[in-house]
Amino acid sequence: MADASLRALITGASSGIGEATAKRLAREPGAELILVARREERLRALAESLPCRASWLALDLTDADAPERVRAHVAEGGSGLSLLVNNAGAAWRGSFAESGYANVHRHMQLNFDAVVRLTEALLPLLHKAAPSAIVNVASTAGRVSRARSGAYSASKFALIGWTDSLYAEEKEHGVHVGMVLPGFVLTEGFPATELREKAATRWIVSKPEKVAEAIHQCGPGGRAERYVPRPYGLAAALRILAPSLVRRVLSGGGASSLTTSTADEQDQNQDPG
Ligand SMILES: NC(=O)c1ccc[n+]([C@@H]2O[C@H](COP(=O)([O-])OP(=O)(O)OC[C@H]3O[C@@H](n4cnc5c(N)ncnc54)[C@H](OP(=O)(O)O)[C@@H]3O)[C@@H](O)[C@H]2O)c1
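Figured I'd write up the structure that's included with this text. Keep in mind the model is a prediction, meaning the values are calculated, not measured.

The rules we used
- Residues numbered from 1 in each chain as written.
- Predicted model: local features only at pLDDT ≥ 70, side-chain atom pairs only at ≥ 80, totals over all residues.
- Heavy atoms only, no water.
- Helix = DSSP H or I, 4+ residues; strand = E, 2+ residues; numbered from the N terminus.
- Rg over C-alpha atoms; globule rule 2.2 N^0.38 Å.
- Buried < 20%, exposed > 50% of the residue type's maximum accessible area, 1.4 Å probe, protein only.
- Areas by Shrake-Rupley, 256 points an atom, 1.4 Å probe, with all protein chains shown as cover.
- Lys, Arg positive; Asp, Glu negative; His and termini not counted.
- Charge placed at Lys NZ, Arg CZ, Asp CG, Glu CD.
- Core = buried A, V, L, I, M, F, W, Y, C linked by side-chain atoms within 4.5 Å.
- Contact = heavy atoms within 4.5 Å.

## Section: the overall build of the protein chain
- Across its full length, the protein chain holds 11 helices and 7 strands.
- Here the protein chain has a C-alpha radius of gyration of 18 Å; the compact-globule value for 273 residues is 19 Å, and the two agree.
- Here the protein chain holds 273 residues, and the buried ones make up 49% of them.
- As displayed, the protein chain has an accessible area near 12700 Å², and 56% of this comes from carbon and sulfur atoms.
- The centroid of the 31 positive side-chain charges in the protein chain is displaced by 8 Å from the centroid of its 29 negative side-chain charges.

## Quick word on the nonpolar core
- Core analysis: the largest hydrophobic core is formed by 29 residues, its most contacted members being L33 and L35.
- Mapped by element, the contributors of at least two residues to this core are strand 1 (7–11), helix 1 (16–25), strand 2 (32–37), helix 2 (40–49), strand 4 (83–86), strand 5 (132–137) and helix 8 (208–218).
- If one sorts the elements of this core by residue count, helix 8 sits on top with 4 residues.
- Contact partners of L33, with chain neighbours within four places excluded, come to A8, I10, A22, L25, A26, L50, C52, R53, A54 and S55.
- Core analysis: the next-biggest nonpolar cluster, separate from the first, contains 22 residues, I34, A66, L84 and L125 among them.

Following this line, the structure appears as structure tokens:
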């Protein structure tokens, strides 16, 4: 798709990868950004700091009326929508025995259902603006599943399967569907503290700006898929080519060195309500 007059909506723009993506896309010629997340002050401050036109909408994407409210905001502010970045997401670790269906449901509501519902609401605007693009932010955890991350992985596996299908369906309508699969990336929600504390694992933690560049490549740049950092793609390939090896590694004692806690589960531990 052409970069001229890029009108892009980014979910989860109040921190981490979404915020970095807003800063990256703001450099594009004629960019206009719509920033979505729950924390209004963060969105306002970001919008005011960007070197392009930007508006914001503070809401919880899992709310029943969220897709319609976003659609109305987009339609009211201008012509069409040339790029939708479905980035908002979260993880709450826990074994299935401990956290059960409730945790699976919570992940699916935000990381999968909210993406599908928002895309449904905005697809007519993307069709109108074609050539246009959607970028879904999945995860390497949507290819390889680790202990205590089953609910998160399930939501990202679902997102990947749905995204591949959407890519094939929307090609003829001029809507390019790209997908970015980050590995460990240092953000507020995914601080990767355990990995950054050890010299042996520090190097595998990437930066949100690198993911933002990949999002640009998979939207306006027209790429279909990017792992960030790229070598994480090897883990996905090994899962298919050498499943017993991957199972052995991930269910052995060494797997705990790749275990990280997330901000949302830390909040949850502090506030059991
Ligand atoms: N960082 C990593 O290691 C990593 C690895 C693989 C994939 N990812 C994926 O990358 C995406 C971005 O994560 P991040 O690392 O940048 O984490 P982050 O800094 O915690 O950002 C998450 C964003 O999602 C928003 N969000 C969360 N729940 C929401 C809700 N119910 N409604 C609306 N917005 C909501 C948050 O904003 P508010 O709190 O203001 O609502 C925030 O802007 C996620 O989809 C994540 O799964 C991250």
